[in-house]
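So you can see what is in the structure, the chains are spelled out below.
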Amino acid sequence: ELAPQVQQLREIRDNKLLQTESGIVFMNSFNDFYYSFSPYIADLEREYPIFKETVKLSITPMLSTLTILNYVDINSEQDMLSYGLGIILMNLGMYIAAPVIVVMRLCKFKSKLCWD
């Protein structure tokens, strides 16, 4: 809880997200989702240190995208929605679209090797 990344997330939450109604709605929804599974993940991290490191590595890109909010002025609901949706889309691309594309290409490459 004292890690610099955790402090950074707190600052983004307090100084950016909670300053707009859409940010508050997002945080409430996120907290409901996050706290539905995070105690289980924390138990696994305590039990398996390698799992803890895997989680840290896997969330690093997401944390990096959130730092964008430190460098932009958010003066309205529209600003928050625009930046927020952009960050969400970026993360969907990194965590879902990119792996799907890689797997599809690997399958296509493998099928060419098998049939040529």
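Everything below is about the structure printed above this text.
Cut-offs applied
- Residues numbered from 1 in each chain as written.
- Predicted model: local features only at pLDDT ≥ 70, side-chain atom pairs only at ≥ 80, totals over all residues.
- Heavy atoms only, no water.
- Helix = DSSP H or I, 4+ residues; strand = E, 2+ residues; numbered from the N terminus.
- Contact = heavy atoms within 4.5 Å.
- Areas by Shrake-Rupley, 256 points an atom, 1.4 Å probe, with all protein chains shown as cover.
- Lys, Arg positive; Asp, Glu negative; His and termini not counted.
- Charge placed at Lys NZ, Arg CZ, Asp CG, Glu CD.
- Phe/Tyr/Trp six-rings, centres within 6.5 Å; stacked < 30°, edge-to-face > 60°.
- Buried < 20%, exposed > 50% of the residue type's maximum accessible area, 1.4 Å probe, protein only.
- Polar contact = N/O pair within 3.5 Å; in protein donor to acceptor, adjacent residues only side chain to side chain.
- Axes fitted to C-alpha atoms, helices over the stretch in contact; angles between N-to-C directions.
- Parallel < 35°, antiparallel > 145°, perpendicular 65-115°, else oblique.
- Nonpolar A, V, L, I, M, F, W, Y, C, P; charged D, E, K, R; others polar.

Trainee: What is the right way to look at the overall build of the protein chain in this model?
Mentor: A count of helical and extended segments in the protein chain gives 4 helices and 0 strands. Going from N to C terminus, the protein chain has its helices and strands arranged as α-α-α-α. Taken along the three principal axes of its C-alpha coordinates, the protein chain extends 60 × 40 × 25 Å. Restricting the contact set of the protein chain to residue pairs at least 6 apart, pairs at least 24 apart contribute 60%. By element, 65% of the accessible surface of the protein chain is carried by carbon and sulfur atoms, the whole surface being about 9000 Å². Each charge class in the protein chain can be summarised by its mean position, and for the 10 positive and 13 negative side chains these summaries are 12 Å apart.

Trainee: Even after reading the chapter, I still don't get the packing of aromatic side chains, so can you show me in this structure?
Mentor: Geometrically, a pair of aromatic rings is defined through the distance of the ring centres and the angle of the planes. Counted by the stated rule, this structure contains 5 aromatic pairs. When the ring of Phe-26 is compared with that of Phe-30, the centres are 6.0 Å apart and the planes differ by 20°; the resulting orientation is stacked. Of the two residues, Phe-26 and Phe-30 both sit in helix 2 (residues 21-47), 4 residues apart, roughly one turn of that helix. What makes Phe-26 partly exposed here is its relative accessible area of 37%. Residue classification places Phe-30 among the partly exposed residues on the basis of a relative accessible area of 33%. An aromatic cluster of at least three residues, connected via ring pairs, comprises Phe-26, Phe-30, Phe-33, Tyr-34, Tyr-35 and Phe-37.

Trainee: Quick question: what am I supposed to make of the side chain of Asn-91 here?
Mentor: You can see Asn-91 is positioned in helix 4 (residues 77-115). Take Asn-91: its relative accessible area is 12%, and that puts it in the buried class. Side chain to side chain, Asn-91 and Thr-65 meet in a polar contact 2.9 Å long. Aside from chain neighbours lying at most four places away, what touches Asn-91 is Pro-61, Met-62, Thr-65 and Ile-96.

Trainee: Looking at this model, I keep getting lost on the packing of helix 2 against helix 3 (residues 49-66). Mind explaining?
Mentor: Each pair of packed helices gets described by two things: the angle between the helix axes and the distance between those axes. Between helix 2 and helix 3, the least distance of the axes is 5 Å, while the angle of their chain directions is 125°. Taken as axis vectors, helix 2 and helix 3 run oblique relative to one another. Contact residues: helix 2 offers Ile-41, Leu-44, Glu-45 and Glu-47, while helix 3 offers Pro-49, Phe-51, Lys-52 and Val-55. Considering only residue class, the contact of helix 2 with helix 3 consists of 5 nonpolar, no polar and 3 charged.

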